[in-house]
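Report on the structure
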Amino acid sequence: MAKNAGPKYPFAEIEPKWQQYWEAHKTFKAEEDPAYPKDKRRYVLDMFPYPSAQGLHVGHPEGYTATDIYCRYLRMKGFNVLHPMGFDAFGLPAENYAIKTGAHPAATTAANIKKFRSQIKALGFSYDWDREVDTSDKDYYRWTQWIFLKLFEKGLAYEAESPINWCPSCKTGLANEEVKDGLCERCGTKVTRKRIRQWILRITAYAERLLEDLEGLDWPEPVKLMQRNWIGRSEGANVVFKVDKSTLNSGEKTEDLFIEIYTTRPDTLFGATYMVLSPEHPLVERITTPEQRAAVAAYREEAAKKSDLERTDLAKTKTGVWSGAYAVNPVNDAKIPIWIADYVLISYGTGAIMAVPAHDERDWDFAKAFKLPIIQVVAESGEWRVESAPPNSPFIAEGYAVNSGPFNGLSTAEAKQRITAWLEEKGIGKKAVNYKLRDWIFSRQRYWGEPIPVVHCEHCQAESAADPAAEHDSAIVPLPEDALPLTLPEAASYAPTGTGESPLAAITDWVNTTCPRCGGPARRETNTMPQWAGSCWYYLRYLDPHNDTAFAAGDKIGYWAPVDLYVGGTEHAVLHLLYSRFWHKVLYDLGLVNTKEPFQRLVNQGMILGEDNQKMSKSRGNVINPDDIVRDYGADSLRVYEMFMGPLEATKPWMTAGLVGASRFLDRIWELAGKVRGVGEGGAPPHSLEKLLHKTIKKVSRDTESLNFNTAISQMMIYSGELAKLPEIPRVLWEPLVLMLSAYAPHLGEELWEKLGYTGSVSKSAWPVWDEILCADRENTIVVQVNGKIRDKFSAPAGTDKELLEKTALALPGIQKWLEGTPVRVIVVPDKLVNVVIT
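Residues numbered from 1 in each chain as written. Predicted model: local features only at pLDDT ≥ 70, side-chain atom pairs only at ≥ 80, totals over all residues. Heavy atoms only, no water.

Helix and strand counts for the protein come out as 28 helices and 29 strands. The C-alpha extent of the protein, read off along each of the three principal axes, is 105 × 90 × 50 Å. A total of 839 residues make up the protein; the buried ones form 54% of that total. Residue pairs at least 24 apart in sequence account for 73% of intrachain contacts in the protein once pairs closer than 6 positions are excluded. As presented, the protein carries roughly 36200 Å² of accessible surface, and 51% of it is formed by carbon and sulfur atoms. Considering the protein, the positive charge centre built from 98 side chains and the negative charge centre built from 109 side chains are found 3 Å apart. (Helix = DSSP H or I, 4+ residues; strand = E, 2+ residues; numbered from the N terminus. Buried < 20%, exposed > 50% of the residue type's maximum accessible area, 1.4 Å probe, protein only. Contact = heavy atoms within 4.5 Å. Areas by Shrake-Rupley, 256 points an atom, 1.4 Å probe, with all protein chains shown as cover. Lys, Arg positive; Asp, Glu negative; His and termini not counted. Charge placed at Lys NZ, Arg CZ, Asp CG, Glu CD.)

Spelled out as structure tokens, the structure:
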């Protein structure tokens, strides 16, 4: 897409010139200078990109440009700024490409990173490239493995065989957060369930703190809400139901069996008419009667094929099978049937529920489908009856207890408290807090990821079996720290097996090793870490990227942390941000970081749509390649245009006409530079433009500070338009504009600064300062009202006293005609209005 006319601003020459200068002089290198007090330091971070083969898209520069402008502004305001960049390099795309072509993922990843780095540098961002990180580099993932071992030592990393989300296409397990609408977030394939050996991180141990500490963060409220909902805290009670022995197999009648459930509505216990166990519940096998065994087995097999989303979809037809067994309702000793149904998940609560169909939609649908009793135990008003007919629909709201024995007539809130206290007194229940958050399925059955630094040793397992005091499963032995990094071996095939084992399992020379504890034969762990592992802590490695004795030195963490501003897309609202917060809190508990939270302020940039107002995609043919824009219009034009499109957080359509407008603005600036008077020439600037200059400095400064870049650019356009009307431009009116513009269009800013006779980078200069007196309007428009309605107006100097404003207002012809006699009173608001009150 070429310009209609030849460019006036020679960006093709100027932009590479200054990019080479910045790199040669390390202009933006950050140092831990103690001369800067804590309040004059800023750590500004972009969410680092995954280096895909496609390279940058126009969405990347939006957030990167925003932080770059902000960082340049801060440096010129006297702040010490850390602004690094790196690459989130592990992941499925590189591995899938390797499977197709045979190329090693490391080779394709390195090539992609080289391309990304070149594209990013071409846009003139002021990153400290000496701090670049690559999560797939062994010197980096050595510390990812080290942090994993710390999680293992604290009991926060454990191995278990469990049903997980499984992508048949990617042939790997997925965390709950990686499943969107029942589909794999990566490839869009329908997710199924598979029971395999997994590494799991106990993020639930931090659920309450992850929830509480959101309050102190300057984050968008929708993001906080998404995290709160994902954590899903609720208060209720755990209640124990005893299984009726009379229906059990003879072998199960010797001991009492109990089913514990969690409910947020203990006040509805008298309405529990059946129970439901998840198909995966460990008691299913023990309580199922011989007559029902075949039906239950078939049902469990079908349920195992469904994703959690499918199973819990409110719109789906409810399915289930009776176990043949009964439980005893602890509040009224009623025998209620125990069903098996897939709408109950083993991963939530206890994997069992009491079903109260009169007051729960899912239980209602199930009861109707299987003709189970429905008993109302909550009424809408305080007028209740001991006996009432079954309701016509489930009543979900709070109300008053009915059909609930001694608790009849109590409000829902009081009934909850009283019944919970009664349960605790009887020893059959207790108050409880529950979370929707599940432990993090951490391992992946793929090649291109961090190896998990443990081995499995049968000898140590045998010894631990004889030692009841063993804290960990001693079959799992962590590698010593001096054995890190555990690097990936070369592989003949990167294709996933689909059996639950990664491609690493086939590399026997690597798998078979020596146990670091007993010296006997052992097998390495063949699962790898997920892509999220490296991104959980990368913001810390930037602080000390070349340290080979720690992930970061304590003094450098203390100097920079936490991240003051973090900018990225909303797609990371749960996944990356939640995982990073979890790891950070573990490191905080270990005394390794100085703050409870990693990212103090979060800003989500909006999406850039195609010109057709659709999300950009190859299939729609609306993708804009930033390389083409830089080639035809220059990086500065792309930067200015993306910031001028609208508010940073808003979703905006790409418009080539707008890009052309931004380019023409820079062309005009370049042309105006030829009209600037030299050193020593000129004198006092025109009075009107002096005021406009200071108003411009004030607005651009405040808008840049608040990330309202579009309005800052608009103000610079207005000011430059007025300068263009002058036959010659006094230097005193020009230099402040160059300084401000240099944050937005840095290549042009550097060149104009050099033309003014200065040496060195303009980024080392001070940001211009406005004079508040010159920003004040000399005259104000005074609105005159009669009984609150505008009837006239006049101009008056700023600060005119009340008496003169009142006298002037009453003398106006437009007001005189409304006055009959003497006004009751006159209300004067200085510099704004006069309101005449008459009867």
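Next, the rest of the story.
Time to look at the environment of Glu597. Relative to the helices and strands, Glu597 is located in the loop between helix H18 (575-589) and strand E23 (602-604). Linking Glu597 and Ile697, residues 100 residues apart in sequence, is a C-alpha distance of 35 Å. Setting aside chain neighbours within four positions, we find Glu597 in contact with Asp213, Leu217, Pro562, Arg581, His584 and Lys585. At 2.8 Å, the side chain of Glu597 and the side chain of Lys585 are in polar contact. (Polar contact = N/O pair within 3.5 Å; in protein donor to acceptor, adjacent residues only side chain to side chain.)

This part covers the nonpolar core. Formed by 155 residues in total, the largest nonpolar core has its most connected members in Phe148, Trp440, Trp583, Trp654, Leu723 and Trp734. Per-element accounting of this core gives the leading share, nine residues, to helix H24 (residues 731-744). (Core = buried A, V, L, I, M, F, W, Y, C linked by side-chain atoms within 4.5 Å.)

Okay, the sheet that holds strand E19 (residues 476-478) next. Reading across the sheet, the four strands line up as E19-E18-E21-E20 and stay open at both edges, with antiparallel pairing between neighbours. Looking along the sheet, the strands with just one partner apiece sit at the ends: E19 and strand E20 (512-514). Neighbour-to-neighbour, the strand axes of the sheet open up by a mean angle of 45 degrees, direction not taken into account. Inspection of the sheet shows E20 paired to strand E21 (residues 521-524) by three bridges, in the antiparallel sense. Bridge pairing in E21 places Thr513 opposite Ala522. (Pairing = 2+ DSSP bridges. Axes fitted to C-alpha atoms, helices over the stretch in contact; angles between N-to-C directions.)

A few words on the side chain of Ser763. By the element assignment, Ser763 lies in the loop between helix H25 (746-755) and helix H26 (772-775). A polar contact of 2.7 Å, which involves the side chain of Ser763, links it to the side chain of Ser761. Excluding its chain neighbours within four sequence positions, the residues that come into contact with Ser763 are Thr27, Phe28, Arg72, Arg75, Met76 and Glu750.

On to the confidence of the model for the protein. Considering every residue of the protein, the mean pLDDT works out to 91; 94% of them sit at 70 or more. Confidence over residues 1-7 falls short of pLDDT 50; this stretch has 14 contacts with residues more than four positions distant or in other chains. (pLDDT = per-residue confidence, 0-100.)

Below, the discussion takes up the pairing of strand E29 (residues 833-837). Looking at chain direction, strand E26 (residues 779-786) and E29 are connected through four bridges and run parallel. Directly across from Val784, in E29, lies its bridge partner Val834. With five bridges connecting them, strand E28 (residues 825-829) and E29 associate as antiparallel partners. Residue Val829 lies in a different strand from E29, and its bridge partner there is Leu833.

Most of strand E12 (residues 335-340) is tucked away: five of the six residues are buried. Of the pairings in the sheet, the one linking strand E10 (residues 274-277) to E12 comprises three bridges and is parallel in character. Across the sheet, Val276 pairs through a bridge with Trp339, a residue of E12. As paired strands, strand E11 (residues 321-328) and E12 are joined by five bridges and run antiparallel to one another. By the bridge assignment for E12, Ala327 is matched with Ile336. Linking E11 to E12, which pair antiparallel, is a turn of six residues; within it Asp333 sits at a positive phi near 60 degrees.

In space, the four strands of this open sheet follow the order E2-E1-E22-E23, with parallel pairing throughout. Each having just a single partner strand, strand E2 (80-82) and E23 make up the two edges of the open sheet. Shown here is a sheet whose adjacent strand axes are inclined to one another by a mean of 20 degrees, direction ignored. Where strand E1 (residues 41-46) lies against strand E22 (residues 565-568), three bridges are found, and the strand directions are parallel.

Quick look at the side chain of Lys585 now. Tracing the sequence through the fold places Lys585 in helix H18. For Lys585, the contacting residues outside a window of four places in its chain are Tyr206, Arg209, Leu210, Asp213, Lys596 and Glu597.

Along helix H3 (residues 92-101), the residues classified as buried are Leu92, Ala94, Glu95 and Ala98. For H3, the buried positions fall inside an angular range of 165 degrees around the axis, keeping them on one side. Tucked inside the fold, the buried residues of H3 contact helix H4 (105-121). The positive-phi residue at the C-terminal boundary of H3 is Gly102, with phi of around 85 degrees. (Arc of directions from axis to C-beta.)

Take the pattern of salt bridges next. The full count for this structure, using the stated rule, is 45 salt bridges. We note a salt bridge from Asp130 to Lys26, for which the minimum N-O separation is 3.1 Å. Pair noted here: Asp130 is in the loop between H4 and helix H5 (138-153) and Lys26 is in the loop between helix H1 (11-25) and E1, with a separation of 104 residues, a long-range link. Note that Arg639 is salt-bridged to Asp68, the shortest N-O span being 2.7 Å. With Arg639 in helix H20 (residues 635-644) and Asp68 in helix H2 (residues 59-76), this residue pair connects regions lying 571 residues apart in the sequence. One salt-bridge network, held together by shared partners, links Glu159, Arg197, Glu501 and Glu525. (Salt bridge = Lys/Arg side-chain N within 4 Å of Asp/Glu carboxyl O.)

Once that is clear, we can look at helix H9 (residues 293-303). Restricting attention to buried positions, one finds in H9 the residues Val296, Tyr299 and Ala303. The buried residues of H9 all sit within an arc of 65 degrees when viewed along its axis, so they share a single face. Those residues of H9 that are exposed and angled more than 90 degrees off the buried face are Ala294 and Glu301.

Under the criterion given, the structure shown has 41 aromatic pairs. Ring plane angle 20 degrees and centroid distance 5.4 Å describe the contact between Tyr274 and Phe366, whose orientation is recorded as stacked. One end of the pair, Tyr274, is in strand E10; the other, Phe366, is in helix H11 (residues 361-370), with 92 residues separating them in the sequence. Like Phe366, Tyr274 is buried. (Phe/Tyr/Trp six-rings, centres within 6.5 Å; stacked < 30°, edge-to-face > 60°.)

A negative phi holds for most residues other than glycine; trans holds for most peptide bonds. The step from Leu484 to Pro485 runs through a cis peptide bond, and the omega angle for that step is 0 degrees. Along the chain, Pro485 turns up in the loop between E19 and helix H14 (508-511). Of note, the bond from Ala561 into Pro562 is cis; its omega dihedral lies within 30 degrees of zero at 0 degrees. Within the secondary structure, Pro562 is located in the loop between helix H17 (554-560) and E22. Although it is not a glycine, Lys371 adopts a positive phi angle of roughly 55 degrees.

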